[in-house]
Structures are given as structure tokens and as C-alpha cells.
Amino acid sequence: MYDESSEMGRLVGCAVKGPKHEKNDKPCQDAWDGSRLSDERFVVAVGDGLGSASLSHKGSKLATEVAVERLEAYVSGVERIEREASREALQEAVTEARNAVFQRADDINEPAPELNTTLLVVAAGPSGVASAVVGDGGIVGRIGGENEL
């Protein structure tokens, strides 16, 4: 669990091992990473590792970390988060995360599909929200008192 709070907002998330993983002594294959920037903006990435991939827990952790790092750099350099204007940065974040997973697989001499994960990325703040999804899943945010997917 991670909680980065301030008067600007709260960023909370967790990845929890499910009952089947507990029973079979498998690692939690999900991961998330996020950052709250000083100007009321957030970046978040969520990875849901594929159950059939033996190292998906490593892939989801790496992919989320790389995506957040890339999105932080982008969001820090723009005045407003706008959906269309952010498209290229979101695509680059996903591409860099994918490349990092492929490189890690090569480094540990494993087939890349063994590190498979979905990836959801979001950049959000008072000026707007931009997101991208590879695979399935969802991120819920509370905006103006309403929960939104």
C-alpha cells in the first residue's frame, strides 16, 4: 500500500495476492506505481500480469515503473494535460515500458512472453486527464466528488 497525501490530493494504491495465488504459493502478478507532482498532477501506471506467464510479476513491476518515470518527465514539461496533445507521450511511455520488459527478458535469458503484463497509464490534474490501455483493466479516480473509471 502506498499513500502520498497532501492538501492537493491523495494517491493510494495496492497490489494484493489473491486467494488462488496464496493457495498455490505464487507471487502477486499485479503492480502499480504512481507519483504526485508538486502542481496537483498525478501519473499512475497499473500492470496486471498474465497468469500463464511465470515471470509476469517482474514484467508488471518493471513496466509500471518505467511508464511512470516517462510520464513524470512529460507532465513536468507541459502546462496542461490535454487528451490529444498527450497521445504521443502516452504511446512513448507504453513503448518504453515494453522495450524495458523485452530488455529484461533478454538480460535474464528468458522468453519475453514469460514477463507478459497488461499496462494502463494515466496522467491527470486540474487541467485534464489523458490515459492509455494495453490489455484490460481499469483505474478509478475521484474527480469533483465523483468516482470515475
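Structural data are supplied above this passage.
Residues numbered from 1 in each chain as written. Predicted model: local features only at pLDDT ≥ 70, side-chain atom pairs only at ≥ 80, totals over all residues. Heavy atoms only, no water.

Trainee: Tell me about the sheet that holds strand S6 (residues 128–134), and name the residues and values.
Mentor: With antiparallel pairing, four strands are arranged side by side in an open sheet as S3-S4-S5-S6. The open sheet is flanked by strand S3 (30–36) and S6, the only strands paired with a single partner. Each strand of the sheet is rotated relative to its neighbour by a mean of 5 degrees, with strand direction disregarded. The pairing of strand S5 (residues 119–125) with S6 spans seven bridges and is classified as antiparallel. By the bridge assignment, Ala-124 is partnered in S6 with Val-129. The strands touched by helix H2 (residues 56–76) are S3, strand S4 (42–48) and S5; relative to S4, the strand with the most contacts, the crossing angle is about 160 degrees. Lying on the sheet, helix H3 (residues 83–107) is in contact with S5 and S6; it crosses S6 at an angle near 35 degrees. (Pairing = 2+ DSSP bridges. Helix = DSSP H or I, 4+ residues; strand = E, 2+ residues; numbered from the N terminus. Axes fitted to C-alpha atoms, helices over the stretch in contact; angles between N-to-C directions. Contact = heavy atoms within 4.5 Å.)

Trainee: Could you give me a rundown of the pattern of salt bridges, with the residues and numbers involved?
Mentor: Inspection of the entire model under this criterion finds six salt bridges. A salt bridge links Glu-65 to Lys-61; the shortest N-O distance between them is 2.4 Å. Of this pair, Glu-65 and Lys-61 both sit in helix H2, separated by four residues, roughly a single helical turn. Lys-61 sits in the partly exposed class, given a relative accessible area of 46%. Salt bridges sharing partners connect three or more residues here, namely Arg-70, Glu-92 and Glu-96. (Salt bridge = Lys/Arg side-chain N within 4 Å of Asp/Glu carboxyl O. Buried < 20%, exposed > 50% of the residue type's maximum accessible area, 1.4 Å probe, protein only.)

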